[in-house]
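Reading the structure
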Amino acid sequence: TQLLEQSPQFLSIQEGENLTVYCNSSSVFSSLQWYRQEPGEGPVLLVTVVTGGEVKKLKRLTFQFGDARKDSSLHITAAQPGDTGLYLCYGIGTSYGKLTFGQGTILTVHP
Amino acid sequence: DTAVSQTPKYLVTQMGNDKSIKCEQNLGHDTMYWYKQDSKKFLKIMFSYNNKELIINETVPNRFSPKSPDKAHLNLHINSLELGDSAVYFCASSQSPGANVLTFGAGSRLTVL
């Protein structure tokens, strides 16, 4: 299984601040997904990035896939308390069956 | 209707017991998965089935045995439960193996005393 290093593990910020979460690997991924998980629920897909250098925006969330398809970032602008949750990156490897979640980032946004 | 439903949501049991968690999806997906989420929130794949056939079997103790009677169901049976088995177990499904969206159930929290 290809390893995905996700950082930071914990993030506690005030409403209105910006933040970035990173996912890094030494391996190439064919695509990468970001999921958000709320307490008591399963993860829900936010976005899939496929092409190296790709940037996708979802309202205040900006997702980027590295040029070499080994890393990705999630940037949240003007965070809201509703953004609170566990954010997970998920790498789909170039070899069949190599599916990896990052360790997760627990984000808390205080009003 | 819940897309991926798993039961029970909570399970508290003694060490050494045997327990099962059931999962059903009504999305028409071919592929189903079991994941284990530990106390640090790390999600680790355990098994994956595609059309009732086992395709991913990560390093998991033999005490864990998945069963897929049809492509809409994937159950997980655990024998001789140990303290370290305490975790949240998530069932998920996708249209096909690999590069598709995962739809997760709400999780089953297993506590072994």
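Description of the structure in this document. All of these numbers come straight from a predicted model, not from anything done at the bench. (Residues numbered from 1 in each chain as written. Chains lettered and ligands numbered in written order. Predicted model: local features only at pLDDT ≥ 70, side-chain atom pairs only at ≥ 80, totals over all residues. Heavy atoms only, no water.)

Observations regarding the overall build of chain B
We count it as follows: In this description a helix means any DSSP run of H or I spanning at least four residues, a strand means any run of E spanning at least two, and both kinds are numbered starting from the N terminus. Radius of gyration: C-alpha atoms only; globule rule: 2.2 Å multiplied by the number of residues to the exponent 0.38. With a 1.4 Å probe rolled over the protein chains alone, any residue whose accessible area is under 20% of its type maximum counts as buried; one over 50% counts as exposed, and the rest are partly exposed. Every residue pair with non-hydrogen atoms within 4.5 Å of one another is taken to be in contact.
Assigned secondary structure in chain B consists of zero helices and 11 strands. Starting at the N terminus, the α and β elements of chain B follow one another as β-β-β-β-β-β-β-β-β-β-β. Against the globule reference of 13 Å for 113 residues, chain B gives a C-alpha radius of gyration of 13 Å, in line with a compact fold. Summarising its shape, the C-alpha atoms of chain B cover approximately 35 × 30 × 25 Å along the three principal directions. Within chain B, the proportion of its 113 residues that are buried is 42%. Long-range pairs, those at least 24 residues apart, make up 54% of the contacts in chain B between residues at least 6 apart in sequence.

Quick word on the pairing of strand E5 (residues 43-50) of chain B
Residue and element names in this part refer to chain B. Cut-off, in case you're wondering: The rule for pairing is simple: two strands pair if DSSP sees at least two bridges between them.
The buried count for E5 comes to six of eight residues, which makes it a mostly enclosed element. The sheet contact formed by strand E4 (residues 31-37) and E5 spans seven bridges and is antiparallel. Within E5, the position partnered with Met32 by the bridge is Tyr49. Here E4 folds back onto E5, and the loop between the two strands holds five residues, one of which, Lys41, carries a positive phi near 75 degrees.

Focus: the interface of chain B and chain A
We count it as follows: Summed over both partners, the accessible area lost on bringing two parts together, with a 1.4 Å probe, is the buried area. In the sections that follow, a salt bridge refers to a side-chain nitrogen of Lys or Arg positioned within 4 Å of a carboxyl oxygen of Asp or Glu. In the analysis that follows, any N or O atom pair within 3.5 Å is treated as a polar contact, provided that within protein one partner can donate a hydrogen and the other can accept it, and provided that, for residues neighboring in sequence, both atoms belong to side chains. In this count, Pro and Cys sit with the nonpolar residues alongside Ala, Val, Leu, Ile, Met, Phe, Trp and Tyr, while Asp, Glu, Lys and Arg are called charged and the others, Gly among them, polar.
In this complex, chain B contributes 22 residues to the contact, which on the side of chain A involves 21 residues. Of the roughly 1600 Å² buried between chain B and chain A, counting both surfaces, carbon and sulfur atoms make up 62%. Counting the contacts that link chain B with chain A gives zero salt bridges. Scanning the region where chain B abuts chain A turns up four residue pairs in polar contact (both at pLDDT 80 or more). Elements that contribute at least two residues to the side of chain B that touches chain A include exactly E4, E5 and strand E6 (53-57) of chain B. It is E4(B) that provides the largest number of residues to the side of chain B that touches chain A, a total of three residues. When grouped by side-chain class, the residues that make up the side of chain B that touches chain A number 14 nonpolar, four polar and four charged.

Side note on the pairing of strand E2 (residues 10-14) of chain A
Residue and element names in this part refer to chain A. Burial along E2 is one-sided: the face carrying Leu11 and Ile13 is buried and the face carrying Phe10, Ser12 and Gln14 is not. Both E2 and strand E11 (residues 105-110) contribute to a ladder of five bridges, which runs parallel. When the sheet's bridge partners are listed, Ile13 is paired in E11 with Val109.

Some remarks on the sheet that holds strand E8 (residues 73-78) of chain B
Residues and elements named next belong to chain B. Applicable threshold: An axis is simply a line fitted to the C-alpha atoms; with a helix, the fit covers only the stretch in contact. Between two such axes, the angle follows the N-to-C directions and lies from 0 to 180 degrees.
Reading across the sheet, the four strands line up as E1-E3-E8-E7 and stay open at both edges, with antiparallel pairing between neighbours. The two strands at the open ends of the sheet, each matched to only one other strand, are strand E1 (4-7) and strand E7 (64-70). Strand-to-strand twist in this sheet, taken as the mean axis angle between neighbours without regard to direction, amounts to 15 degrees. In terms of strand pairing, E7 meets E8 through five bridges, oriented antiparallel. By the bridge assignment for E8, Lys67 is matched with Asn75.

So, the layout of surface pockets
As a reminder, the rule being used: As defined here, a cavity is a set of points on a 1 Å grid over the protein atoms alone where a 1.4 Å probe fits but cannot get out. A pocket is an open set with protein on both sides within 12 Å along at least five of seven lines, and residues line them when an atom is within 4 Å of a point. Grid points are joined across faces, edges and corners, and a volume is the space filled by probe spheres set on the points.
Size it by volume and the largest pocket reaches roughly 300 Å³. Forming the walls of the largest pocket are 20 residues, and the residues nearest its centre are A:Gln37, A:Glu38, A:Pro39, A:Gly40 and B:Lys41. Mapped onto the lining of the largest pocket, the elements with two or more residues apiece are strand E9 (85-93) and E11 of chain A together with strand E9 (87-94) and strand E11 (108-112) of chain B. Along the lines of polarity and charge, the residues of the lining of the largest pocket split into eight nonpolar, seven polar and five charged.

A look at the state of the cysteines
Put simply, the rule reads: Two cysteine sulfur atoms form a disulfide, by the criterion used here, when they sit within 2.5 Å.
In this structure the tally under the stated criterion is two disulfides over all chains. Residue pairing for A:Cys23: its cysteine sulfur links by disulfide to A:Cys89, the two sulfurs lying 1.5 Å apart. Torsion about the S-S bond of the A:Cys23 and A:Cys89 cystine: about -50 degrees, corresponding to left-handed handedness. In this pair, A:Cys23 sits in strand E3 (residues 19-24) while A:Cys89 sits in strand E9, placing the two residues 66 residues apart along the sequence. Here A:Cys23 and A:Cys89 have matching classes, each one buried. The disulfide partner of B:Cys23 is B:Cys91, and the S-S distance across this bridge is 1.9 Å. Linking B:Cys23 and B:Cys91, the disulfide has an S-S dihedral of approximately -80 degrees and is accordingly described as left-handed. Within this pair, whereas B:Cys23 is found in strand E3 (residues 19-25), its partner B:Cys91 is found in strand E9, the two being separated by 68 residues in sequence.

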